Every structure is written in structure tokens, then in C-alpha cells.
Amino acid sequence: MQHNPEAFNRLARQRRSVFPKQFVPGAKVPDEIISQVLENAIWAPTHKLTEPWHFVVFTGDGLKTFAEYQSGMYKANAGDAFKEDKYIKMQQQPLLASHIIALCMKRTTEVSIPEVEEIAAVACAVQNIYLSIAAYGYGGYWTTGGVTYMPQAKSFFGLHEKDKLLGFFYVGVIGVPSIAGKRQPLELKVEWKRE
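Residues numbered from 1 in each chain as written. Predicted model: local features only at pLDDT ≥ 70, side-chain atom pairs only at ≥ 80, totals over all residues. Heavy atoms only, no water.

1. Remarks on a nonpolar patch on the surface
Thinking step 1. The grouping of Leu186, Val190 and Trp192 at the surface amounts to a nonpolar patch, some 360 Å² of accessible area in total.
Thinking step 2. Relative to the helices and strands, leucine 186 is located in the segment after β4 (164-172).
Thinking step 3. The class of leucine 186 is exposed, set by a relative accessible area of 59%. (Patch = residues over 30% accessible without salt bridge, like charges linked within 9 Å, V, L, I, M, F, W, Y side chains within 5 Å. Areas by Shrake-Rupley, 256 points an atom, 1.4 Å probe, with all protein chains shown as cover. Salt bridge = Lys/Arg side-chain N within 4 Å of Asp/Glu carboxyl O. Helix = DSSP H or I, 4+ residues; strand = E, 2+ residues; numbered from the N terminus. Buried < 20%, exposed > 50% of the residue type's maximum accessible area, 1.4 Å probe, protein only.)

Spelled out as C-alpha cells, the structure:
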């Protein structure tokens, strides 16, 4: 199996989060590419092959359905913490995307697998989404905003009590590129033990 390490190194290091305000308004990513990106996602590592990921894809009028649901859920549950600007953002921001992918973890019945391993598997799948979207020349980002942490939102995404909603991946056509990234030197993050 032959791969191009230099090309992968560039992809991994040049991948950036691209936010909805950076998308070209109304521009669409072909559904076929989203399907291929999700095919790449499901090849992430998974302990005991439980494949805990579950994706719900919103596009077209589905974006309006998502926006109305999350803004309505927020308004109904925010109480005294309600903020009008947050409500409006929840209504409008989803409409800037081509696709929104709900990132879900369906808990296995295999009790010997710690929950964190299932969450980590989904996170690996999301990294595959990030890299795939970038490889195709499109933009996206993973958000844990909106209704992510509202337990009562689970059923909307086909989830049960032990399952988790881990956020949303917004996808769009890049209009305004992200700035170059930066990381601290590797030496600050890695410790080698040779003895």
C-alpha cells in the first residue's frame, strides 16, 4: 500500500476550521462528496468494532428544520438566561451552511467498553471528516453549541438515554479562507523515554 506522506503532512497541518460566516452564501457541496466524507469517517478506529458513530445530515429544507428546532428548544428551556441575540444566531447560522452533520455516539451494549472509548472513536471519525472536507477543498468546523448538551434534544437525533450528542459539523464552500494556523513547538508537547 503506497501513500504520499508529504501530501498527508500538508493536509494535516493546513487543515483549518472554517466558520459559517466564511462560507459562500447559498453555495452547495455535492451530496456525493458528503457521502464520501462520511464513508471516510466510518473507517475511524473503534474498540471491538462497535462503530458507535451515528450521523444525521441536514441539507436543503432540512437546514431550516434544524434551525427552527434548535432555536425553539433553546427558547423553551433557557428561562431567565434567554438571550435574544443567541436565539437569532441559532435561527440564522445553520442557513449559511451547505450541510450540517449531527455527530452522535450510540452507546454499545458491550458493558466492558468504557464510554470514553466510544466518545474517542466518534472523535476520530470527526477528524476523518475534517481531513476529508479539507482534501476536497471545502470548509467546515465542529461546534458543541446549540442543543448539544440538552438531554431533551436527544430524541430529535434518534438517540436514547445512554447515547450522546457530541455536536455538529457545519460544511460549506469556502468564501473567506481561514488564517494560517500555529502550534507550539513539538518539543514542548512530547517527552521521549529511551531507557
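Alright, that's what it looks like, and here's the rest.
2. Here we look at the environment of phenylalanine 8
Thinking step 1. Structurally, phenylalanine 8 can be placed in helix α1 (residues 5-14).
Thinking step 2. In the structure, phenylalanine 8 is positioned 123 residues away from leucine 131 in sequence and 9.3 Å away in space, judged by C-alpha atoms.

3. Some words on the pairing of strand β3 (residues 139-143)
Thinking step 1. Along β3, four of the five residues are buried, which leaves the element largely enclosed by surrounding structure.
Thinking step 2. With five bridges joining them, β3 and β4 adopt antiparallel strand pairing. Paired with glycine 140 across the two strands is valine 171, which belongs to β4. (Pairing = 2+ DSSP bridges.)

4. Some details on the sheet that holds strand β2 (residues 99-105)
Thinking step 1. Strands sit in the order β1-β2-β4-β3 across an open sheet of four strands; the sheet is antiparallel. Looking along the sheet, the strands with just one partner apiece sit at the ends: β1 (53-59) and β3. Put simply, the sheet's adjacent strands are angled 20° from each other on average, direction ignored.
Thinking step 2. Here β1 pairs with β2 via seven bridges, running antiparallel. Paired with valine 57 across the bridge in β2 is isoleucine 101. (Axes fitted to C-alpha atoms, helices over the stretch in contact; angles between N-to-C directions.)

5. With respect to helix α5 (residues 115-135)
Thinking step 1. Along its 21 residues, α5 runs 31 Å from first to last C-alpha, staying within 8% of the 30 Å computed at 1.5 Å per residue.
Thinking step 2. Taken as a whole, α5 has its buried residues at Glu118, Ala121, Val122, Ala125, Val126, Ile129, Tyr130, Leu131, Ser132 and Ile133.
Thinking step 3. Check the buried side of α5 and you find it contacts α1, α2 (31-41), β1, β2, β3 and β4.
Thinking step 4. The first or second residue beyond α5 is glycine 137, which carries a positive phi of 90°. (Expected span 1.5 Å × (residues − 1). Contact = heavy atoms within 4.5 Å.)

6. Points about the nonpolar core
Thinking step 1. Ranked by size, the top nonpolar core spans 47 residues in total, and within it Phe55, Ile129, Val147, Phe157, Phe168 and Phe169 carry the most contacts.
Thinking step 2. Elements with a minimum of two residues in this core: α2, β1, α3 (61-77), α4 (84-92), β2, α5 and β4.
Thinking step 3. Considering every element that reaches this core, the biggest residue donor is α5, with seven residues.
Thinking step 4. Look past the residues within four positions of phenylalanine 169 in its chain and what remains in contact with it is His99, Ile100, Ile101, Leu103, Val126, Ile129, Tyr130, Ile133, Gly140, Tyr141 and Trp142. (Core = buried A, V, L, I, M, F, W, Y, C linked by side-chain atoms within 4.5 Å.)

7. A look at unusual backbone geometry
Thinking step 1. One non-glycine residue, leucine 49, lies in the positive phi region at around 55°.
Thinking step 2. Assignment of secondary structure puts leucine 49 in the loop between α2 and β1.
Thinking step 3. Taking relative accessible area as the criterion, leucine 49 reaches 67% and is therefore assigned exposed.
Thinking step 4. Look at glutamate 51: it is not a glycine, yet its phi comes out positive at around 45°.
Thinking step 5. When you line up the elements, glutamate 51 lands in the loop between α2 and β1.

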